[in-house]
Amino acid sequence: MTLNRRTALKTGVGVAIGALSAVKTRSVSAQAGPNPDPPAPARPLLTNAKDFRDVSRAKPHPSTLSEAQLAEAKLTPETWQLDIAGEAKAIVPEARTAAAGTPITLDTLHELAKKKTVRVLKGMQCLNISQPLGQGLWEGVLLRDVLALTGKFADIRRIYYWGHRGTGPMFRSSLSYTQVMESPPGEPPPFLAFRLNGEPLPLQRGGPVRMVVPWAYGFKNIKWLQNIVLTSDYQINDTYAEQNNDPESRMKTAAYLDNVPEKVKAEQPLRITGNVMCGLSGLERVECWIRPAGMGNLRDDDPAWQSAEWTSATLDAAPTNWANSLPEDVRAADVFGFDPQNGKPKSWPLSYSVVGWSLTAKNLAPGKYELRARSVDLNGFAQPEPRPYQKSGRNVLDVRRFEVVAE
Ligand SMILES: Nc1nc2c(c(=O)[nH]1)N[C@H]1C(S)=C(S)[C@@H](COP(=O)(O)O)O[C@H]1N2
Ligand SMILES: [Mo]
């Protein structure tokens, strides 16, 4: 079926299109009288630590252990220890291990933090799950500064790392030497996080200390970090690689839809909301398409895509007063990607962060509809292009169905 403008009108798609185009001119009509639906307040940027969706696999889960068990597992702030050692041909002159009586402790990290602390706004997202798990303001010390505590190491090609797992299976990840030691200007480097949203990093989120790799999906962000191995091996040994995922993927730009009510009254404007991950390729805009339901399955090569009419949504603006959006003890000027002089983000949305968006659809005729949302990146690619390979990061187009009913 080809869906051109004429058939669209005949089949009633025009109703939906017209309704959405009306949204574009909303501000014009708003000048004539009071705005019937003023913009809703932007959603909070930070997710409560306990409200993140949890997908990690340690057994038993550390958050179920008693204080004594936690101490035994070295998962309390006082007992936490990190081993850094070399393997294969790597030269690590001053390995830091519990066996040698020289492990890294939380005190070591706090000392380093006095010289340099890194603070990053990052959305945590699983490569295999639509919808980010949550977003936090993560604080810690650079991985390269921690590694420097092992002396003048050499012959290292990768950094392997893993955390506490109890009796659960191994879950490990890795980074290349270059990814750790050198970072492009403007890109937040990997770090060891021990604070989240202004509080000590809680167990549920991987505390006392978690690896945070800002550009990467969840699987590089190892929780309950306890082991780092510097190796001359060039192989990627990530657990996620064994599961057919692209272990070097970077988070993709992708829009996600919140739920919509099943039924909407015809006179009632439909407020559509969602969030969007600003991934590697940046974010130009988010847009929505509403079409009548019952037109068959929308295949990837369906001609309906060619004539689809997409309407731009409004991104939540950057907060004007950052003090209200950040933890009390965090100054915006100290957050990565913010101008240290004026405390404003240098770009918006910040890379690897999630922001909300919204759109109001009005005057939809009674009937059943399908709603889709997608992002368009700074290269002009509309999601899921240019790399719709879901094992490098899930970015399928979200769809919701709803019915408009007459009063
Ligand atoms: N130690 C450990 N860290 C882990 C995992 C794990 O199984 N064990 N899972 C990873 C994966 S696949 C994801 S998506 C994130 C989830 O982070 P969250 O539980 O804080 O939301 O943790 C990552 N870190
Ligand atoms: Mo994941």
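These numbers come from a predicted model, not from an experiment. (Residues numbered from 1 in each chain as written. Chains lettered and ligands numbered in written order. Predicted model: local features only at pLDDT ≥ 70, side-chain atom pairs only at ≥ 80, totals over all residues. Heavy atoms only, no water.)

S.K.: Give a description of the overall build of the chain that names residues and reports values.
M.R.: Helix and strand content of the chain: 9 helices and 19 strands. Going through the 407 residues of the chain one by one, you find that 51% of them count as buried. Put simply, the chain shows about 19000 Å² of open surface, and 51% of that area lies on carbon and sulfur atoms. (Helix = DSSP H or I, 4+ residues; strand = E, 2+ residues; numbered from the N terminus. Buried < 20%, exposed > 50% of the residue type's maximum accessible area, 1.4 Å probe, protein only. Areas by Shrake-Rupley, 256 points an atom, 1.4 Å probe, with all protein chains shown as cover.)

S.K.: Could you give me a rundown of the pairing of strand E17 (residues 354-361), with the residues and numbers involved?
M.R.: Counting buried positions over the 8 residues of E17 gives 8, a clear majority of the element. Across the two faces of E17 the burial is the same, with Val-354, Gly-356, Ser-358 and Thr-360 and Val-355, Trp-357, Leu-359 and Ala-361 all buried. Looking at chain direction, strand E13 (residues 270-277) and E17 are connected through 8 bridges and run antiparallel. Paired with Gly-274 across the bridge in E17 is Trp-357. Bridge analysis of strand E16 (residues 314-315) against E17 gives 2 bridges, and the strand direction is antiparallel. (Pairing = 2+ DSSP bridges.)

S.K.: Hey, could you go over the sheet that holds strand E14 (residues 285-292) for me, with residue numbers and the actual values?
M.R.: Strand order in the open sheet formed by 5 strands is E12-E19-E18-E14-E15, with mixed pairing between adjacent strands. Only two strands of the sheet have a single partner each, and these edge strands are strand E12 (263-265) and strand E15 (311-312). In the sheet, strand E18 (residues 367-376) pairs with strand E19 (residues 398-405) via 7 bridges, with the strands oriented antiparallel. Bridge pairing links Leu-371 to Arg-400 in E19.

S.K.: Let's hear about the sheet that holds E16: which residues, and what values?
M.R.: Spatial strand order, E11-E13-E17-E16: 4 strands in an open sheet with antiparallel pairing. Only two strands of the sheet have a single partner each, and these edge strands are strand E11 (254-257) and E16. Here 4 bridges tie E11 to E13, and the two strands are oriented antiparallel to one another. Across the sheet, Tyr-256 pairs through a bridge with Asn-275, a residue of E13.

S.K.: Describe the environment of Ile-129, naming the residues involved and giving the relevant values.
M.R.: Relative to the assigned elements, Ile-129 resides in the loop between strand E3 (118-124) and strand E4 (134-142). For Ile-129, a relative accessible area of 15% gives the class buried. Measuring from C-alpha to C-alpha, the distance between Ile-129 and Val-55 comes to 9.8 Å, with 74 residues separating the pair along the chain. Dropping the residues within four chain positions of it, Ile-129 is found in contact with Arg-53, Val-55 and Arg-394. (Contact = heavy atoms within 4.5 Å.)

S.K.: Requested: an account of the confidence of the model for the chain, with residues and values cited.
M.R.: Residues at a pLDDT of 70 or more form 90% of the chain, whose mean pLDDT is 90. At the low end of the mean pLDDT range in the chain sits helix H3 (residues 26-32), at 30; at the high end sits strand E9 (residues 210-212), at 99. Long-range and interchain partners of residues 1-36, a stretch whose pLDDT sits below 50, account for 46 contacts in this model, where long-range means more than four residues apart. (pLDDT = per-residue confidence, 0-100.)

S.K.: So what about the nonpolar core? Which residues, and what values?
M.R.: Grouped together as the largest cluster of nonpolar side chains are 55 residues, with contacts concentrated most on Leu-109, Leu-192 and Ile-228. Element by element, the count of residues in this core is highest for strand E7 (residues 191-196), at 5 residues. Once you skip the residues sitting within four places of it in the chain, Leu-109 turns out to touch Trp-80, Ile-104, Val-141, Val-146, Leu-192, Phe-194 and Val-209. Membership of the second largest hydrophobic core comes to 35 residues, among which are Leu-326, Val-330, Leu-359 and Ala-361. (Core = buried A, V, L, I, M, F, W, Y, C linked by side-chain atoms within 4.5 Å.)

S.K.: Outline helix H5 (residues 106-115), listing residues and values.
M.R.: Among the residues making up H5, those that are buried are Leu-106, Thr-108, Leu-109, Leu-112 and Ala-113. Down the axis of H5, the buried set is contained in an arc of 150 degrees. They therefore lie on one face. Along H5, exposed side chains directed more than 90 degrees from the buried face belong to Asp-107, Lys-114 and Lys-115. Structurally, H5 contributes buried residues whose contacts are with strand E2 (104-105), E4, helix H6 (143-147) and E7. (Arc of directions from axis to C-beta.)

S.K.: So what's going on with the site of ligand 1? Residues and values would help.
M.R.: In the region of ligand 1, 17 residues are neighbours, and Arg-53, Arg-57, Arg-205, Arg-210 and Lys-223 sit closest. One of the side-chain nitrogen or oxygen atoms of Asp-54 is found 3.5 Å away from an oxygen atom of ligand 1. Taking Asn-221, its main chain carries an N or O atom lying 3.0 Å from a nitrogen atom of ligand 1. Against a free-state accessible area of 530 Å², the protein chains account for coverage of 99% of ligand 1. (Near = heavy atom within 4 Å. Polar contact = N/O pair within 3.5 Å; in protein donor to acceptor, adjacent residues only side chain to side chain.)

S.K.: Describe in detail the pattern of salt bridges, supporting the description with residues and values.
M.R.: All told, the structure shown has 20 salt bridges when counted by the stated rule. Ionic pairing is found between Asp-51 and Lys-50, a salt bridge with its closest N-O pair at 3.8 Å. Among the residues examined, Asp-51 registers a relative accessible area of 47% and is labelled partly exposed. We classify Lys-50 as exposed; its relative accessible area is 59%. As a salt-bridge pair, Glu-139 and Arg-119 come within 3.1 Å of each other at their nearest N and O atoms. Here Glu-139, found in strand E4, pairs with Arg-119, found in strand E3; they are 20 residues apart in sequence, far enough to count as distant. Of the residues examined, Glu-139 reaches a relative accessible area of 5% and is grouped as buried. Given a relative accessible area of 17%, Arg-119 falls into the buried group. If you follow the salt bridges from partner to partner, you end up with Arg-119, Glu-139, Arg-195 and Asp-329 in one network. (Salt bridge = Lys/Arg side-chain N within 4 Å of Asp/Glu carboxyl O.)

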